[in-house]
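Single-letter residue listing:
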Amino acid sequence: MAQGNGRRDVVIEVRDVVVGFGDHLVLDHVNLDVYRGEILGFVGGSGAGKSVLTRAIIGLLPKRAGTIKVFGVEMSAASDAARQAVERHWGVLFQQGALFSSLTVRENLQFPIREYLKVSQTLLDELAIAKLEMVGLDSSVLEKFPSELSGGMTKRVALARALALDPEIVFLDEPTSGLDPIGAGAFDTLIMTLQRTLGLTVFMVTHDLDSLHTVCDRIAVLADGKVIAAGTMDTMLASTHPWLRAYFHGTRSRANHLDVAKI
Amino acid sequence: MSELLLEGTAQGERLMLAGSGAWVAENARRLEIEIDAATRRSGEVRRVDIDMGAVDHLDTFGAWLLERLMRDFSARGAATQVYGLKDNYRALMDEVHGVKPEQSPAHSGGSTIIYLIASIGRSIATIGGSFSAFINMLGALMVALLRVIAHPGRFRFTAMVHQLDNVGWRAVPIVMLITFLIGGIIAQQGIFHFSKFGADIYVVDMVGILVLREIGVLIVAIMVAGRSGSAYTAELGTMQMREEIDALRTMGFDPIEVLILPRIVALLIAVPILAFLGSMAALYGGGLVAWLYGGISPEIYLSRLKEAVTLQTFEVGMIKAPFMAMVVGVVACVDGLAVKGSSESLGLQTTASVVESIFLVIVLDGFFAMFFASIGM
């Protein structure tokens, strides 16, 4: 496991963040650190606010209090230029893919590159193929429209688009939801391979216990508007917190079927 | 920032390239130019050594450009070797090494003339297709209507009232405002030109006949097409995109009966009412302008109007209203159901719906004019 090499460089620092809708506080003084080069699995019950925190970090939701620093930049106070420089270095995979439906796969992949970098059309075309092959597809899908892709392909193309600018952080919102177990397993392997080859930091919202076991270096758990635990799988399995026990030792957990505490 | 990212020294048939700096996305443009230059500049080479020792950052962009450099030289028969590359970039290089070039799709060759003819053929087929879709929808609507008449309990009365509120009640202010203005404009133009012959008073005949027979219902139909037809298309199109219509079908409901019939019935009720209100507003506007601008007093205007128009003039206009409502509604629903998966298709169909229904409404009006002329109404 990539357990950092001595110094643990914090790339995302969430401190005392409060987010609410009306009277309802979804996040109540949340603290979370994400270290460079790790795959962080972010779990929590449905409606616990995982997506809310993710959206707050990437700046799609305003927060009421607290600070969120990405690469040491406080996003809400940063100038437009500073914020754009940070946004250029992250990629987001939305749950439904969020591919632009009126553009082909090729145009979807080239869109961010074309907007940020002035590179030749030849290089754009070559890069589109390179990115597609990295996510396990090939050039045959280039001219397809998102509505013509299967669920798994949509996720892969969306991941390729998230990786288009060689980001340092990728946010994955339930990357394996809606995939069959084989497809989900392949996607997990893909994320691990890409993380190793590109040295990515991965922030992954997921409910997939298999993903948590196989790919995540660390797991953070959100419940009651707070991060109640953060640590390795072993820590989670050893915890006595009732919600954690129910989650990791429930009928659907692996720990119930075989002893994999040493993964 | 201007030091070279790639420097080359040639020794006979051996080319030594030395990379340096950051081979990352930000520098991709510069790097590509330098790499292309290095490939072009070098003459006949047998062996290329690429020293990547001084490259401190490498990402997919840099890795691909390095790979491309090696492929270019290999294609020219030179042996390439990379050394000094940092270990943590090995995996990335292996990854891009496996990238296969695009199998360029065989472009169906053909001259522009053939392309032109083909595109004309396609448009004709599209027109034919939308005509048959229109007829299909009319048939399906009839079937749904008969079913509802046989079992009146199945009619979605609440949905129909909701649509009636949207397309009827809420449209009243804007429809009356526009027709009021149009009536005023017709009267003003009439007075301005008729006064040259001293025939000012005939402006009342013109306003009355024109508004009641043609303009009132036509303007209202066009406004309903733009206001409610487009809304129908967008609503049904979004439901189609999100598989809501398929969901209805699987539950055993007929989308025509549940979604489309209430909408069409609402239009059939709303358009005649709006046409009537619009005509009255136009007559009022015309009268106001005739009084203020042409000096025709309201009493004279009204008595002249009574002589100029008959009940038949009014009937001719109102008979057309439900037919126009039908055309607008059916076109809007057909186009809504034709939406494919993309947001672009939704926009395209909504535009098509408005354009087609306005066109058809005007054509229909022309047919009615000929029909009424031939039966002497």
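Residues numbered from 1 in each chain as written. Chains lettered and ligands numbered in written order. Predicted model: local features only at pLDDT ≥ 70, side-chain atom pairs only at ≥ 80, totals over all residues.

**A look at the overall build of chain A**
Counting its secondary structure elements, chain A contains nine helices and ten strands. Residues classed as buried in chain A amount to 42% of the 263 residues present. In chain A, 66% of the contacts between residues at least 6 apart in sequence involve partners at least 24 apart. (Helix = DSSP H or I, 4+ residues; strand = E, 2+ residues; numbered from the N terminus. Buried ≥ 20, exposed ≤ 12 C-beta atoms within 10 Å, placed from the backbone. Contact = placed C-beta atoms within 7 Å.)

**Structural notes on the overall build of chain B**
Summing up its helical and strand segments, chain B has twelve helices and four strands in all. Across the 377 residues of chain B, 37% fall into the buried class. Residue pairs in contact within chain B that sit at least 24 positions apart in sequence constitute 85% of those at least 6 positions apart.

**Quick word on the environment of T193 of chain A**
All names here are of chain A. Among the secondary structure elements, T193 is positioned in helix 6 (residues 181–198). What makes T193 partly exposed here is the crowd of 15 C-beta atoms within 10 Å. The spatial distance from the C-alpha of T193 to the C-alpha of M134 is 9.2 Å, given a sequence separation of 59 residues.

**Quick look at the interface of chain A and chain B**
Listed per partner, the contact involves 24 residues of chain A and 25 residues of chain B. Residue contributions to the side of chain A that touches chain B peak at eight residues, all from helix 4 (residues 121–134) of chain A. The residue inventory of the side of chain A that touches chain B, partitioned by class, reads ten nonpolar, seven polar and seven charged. (Nonpolar A, V, L, I, M, F, W, Y, C, P; charged D, E, K, R; others polar.)

**Side note on helix 3 (residues 90–97) of chain B**
If you check which residues of helix 3 of chain B are buried, you get L92, E95 and V96 of chain B. The buried side chains of helix 3 of chain B occupy one side of the element, clustering within an arc of 90 degrees when seen end-on. Residues R90 and D94 of chain B are exposed on helix 3 of chain B and point more than 90 degrees away from its buried face. Buried residues along helix 3 of chain B sit in contact with helix 4 and helix 6 of chain A together with strand 3 (47–58) and helix 2 (60–75) of chain B. (Arc of directions from axis to C-beta.)

**Overview of the pairing of strand 4 (residues 79–83) of chain B**
In regular strands, side chains alternate between the two faces of the sheet. Residue and element names in this part refer to chain B. In this sheet, strand 4 lies alongside strand 3 in parallel orientation, the contact comprising five bridges. Paired with D51 across the strands is Y83, a residue of strand 4. Taking the sense of rotation as the criterion, the β-α-β connection linking strand 3, helix 2 and strand 4 turns out right-handed. (Pairing = 2+ DSSP bridges. Right-handed = clockwise from strand over helix to strand, strands pointing away.)

**With respect to the sheet that holds strand 7 (residues 169–173) of chain A**
Backbone hydrogen bonds are what pair the strands of a sheet, in a parallel or an antiparallel way. Residues and elements named next belong to chain A. With mixed pairing, the six strands of this open sheet are ordered in space as 6-7-8-3-9-10. With one partner strand each, in any of the chains shown, strand 6 (90–93) and strand 10 (226–231) form the two edges of the open sheet. The average angle at which neighbouring strand axes cross in this sheet is 15 degrees, direction not considered. Here four bridges tie strand 3 (residues 39–44) to strand 8 (residues 201–205), and the two strands are oriented parallel to one another. (Axes fitted to C-alpha atoms, helices over the stretch in contact; angles between N-to-C directions.)

**Describing helix 7 (residues 202–241) of chain B**
The end-to-end C-alpha distance of helix 7 of chain B, which contains 40 residues, comes to 55 Å, matching closely the 58 Å that a straight helix rising 1.5 Å per residue would cover. Positive backbone phi, at 60 degrees, marks E243 of chain B, one or two positions downstream of helix 7 of chain B. (Expected span 1.5 Å × (residues − 1).)

**With respect to the environment of V334 of chain B**
All names here are of chain B. Structurally, V334 is set in helix 11 (residues 311–337). Between the alpha carbons of V334 and M137 there is a distance of 6.8 Å; along the sequence they are 197 residues apart. Apart from the residues lying within four places of it in its own chain, the contact partners of V334 are A133, F134 and M137.

**So, the sheet that holds strand 5 (residues 73–74) of chain A**
All names here are of chain A. One open sheet accounts for four strands, arranged 2-1-4-5; its pairing is antiparallel. Strands at the two margins of the open sheet, each flanked by one partner only, are strand 2 (24–35) and strand 5. Of the pairings in the sheet, the one linking strand 4 (residues 65–70) to strand 5 comprises two bridges and is antiparallel in character. Of the residues in strand 5, the one forming a bridge with V70 is V73. Packing against the sheet, helix 1 (residues 50–57) makes contact with strand 1 (10–21), strand 2 and strand 4, and its axis sits at approximately 120 degrees to strand 1.

**Focus on the pairing of strand 1 (residues 6–11) of chain B**
All names here are of chain B. Both strand 1 and strand 2 (residues 14–23) contribute to a ladder of six bridges, which runs antiparallel. The residue bridging E7 from the neighbouring strand is A18, located in strand 2. What sits between the antiparallel neighbours strand 1 and strand 2 is a turn of two residues, in which G12 has the positive phi angle 60 degrees.

**Details of the packing of helix 4 of chain A against helix 2 of chain B**
The geometry of helix 4 of chain A relative to helix 2 of chain B is characterised by a closest axis approach of 11 Å and an angle of 110 degrees between their N-to-C directions. Put simply, helix 4 of chain A runs roughly perpendicular to helix 2 of chain B. From helix 4 of chain A, E126, L127 and A130 of chain A reach across to helix 2 of chain B, where they touch T60, F61, W64 and R68 of chain B. Its residues placed into classes, the contact of helix 4 of chain A with helix 2 of chain B shows four nonpolar, one polar and two charged. (Parallel < 35°, antiparallel > 145°, perpendicular 65-115°, else oblique.)

**Quick word on the nonpolar core**
By size, the foremost hydrophobic cluster in this structure holds 100 residues, and its most contacted members are L40, A160, V170, V202, F203 and M204 of chain A together with L65 of chain B. The next biggest cluster of nonpolar side chains, apart from the first, holds 62 residues, and it includes V207, I264, A266 and V334 of chain B. (Core = buried A, V, L, I, M, F, W, Y, C linked by C-beta atoms within 7 Å.)

**Overview of the confidence of the model for chain A**
Residues and elements named next belong to chain A. On average, residues of chain A score 81 in pLDDT, and 92% of them reach the 70 mark or higher. Within chain A, helix 7 (residues 209–214) has the poorest average pLDDT of any element, 80, and strand 8 the best, 89. Low pLDDT, under 50, characterises residues 259–263; the stretch is placed with nine contacts to residues that sit more than four places away or in other chains. (pLDDT = per-residue confidence, 0-100.)

**Points about unusual backbone geometry**
With a phi angle near 45 degrees, E174 of chain A is a residue other than glycine that sits in the positive phi range. You can see E174 of chain A is positioned in the loop between strand 7 and helix 6. On the neighbour-count criterion, E174 of chain A (20 C-beta atoms within 10 Å) is buried. A positive phi angle is found at E243 of chain B, which is not glycine, with a value near 60 degrees.

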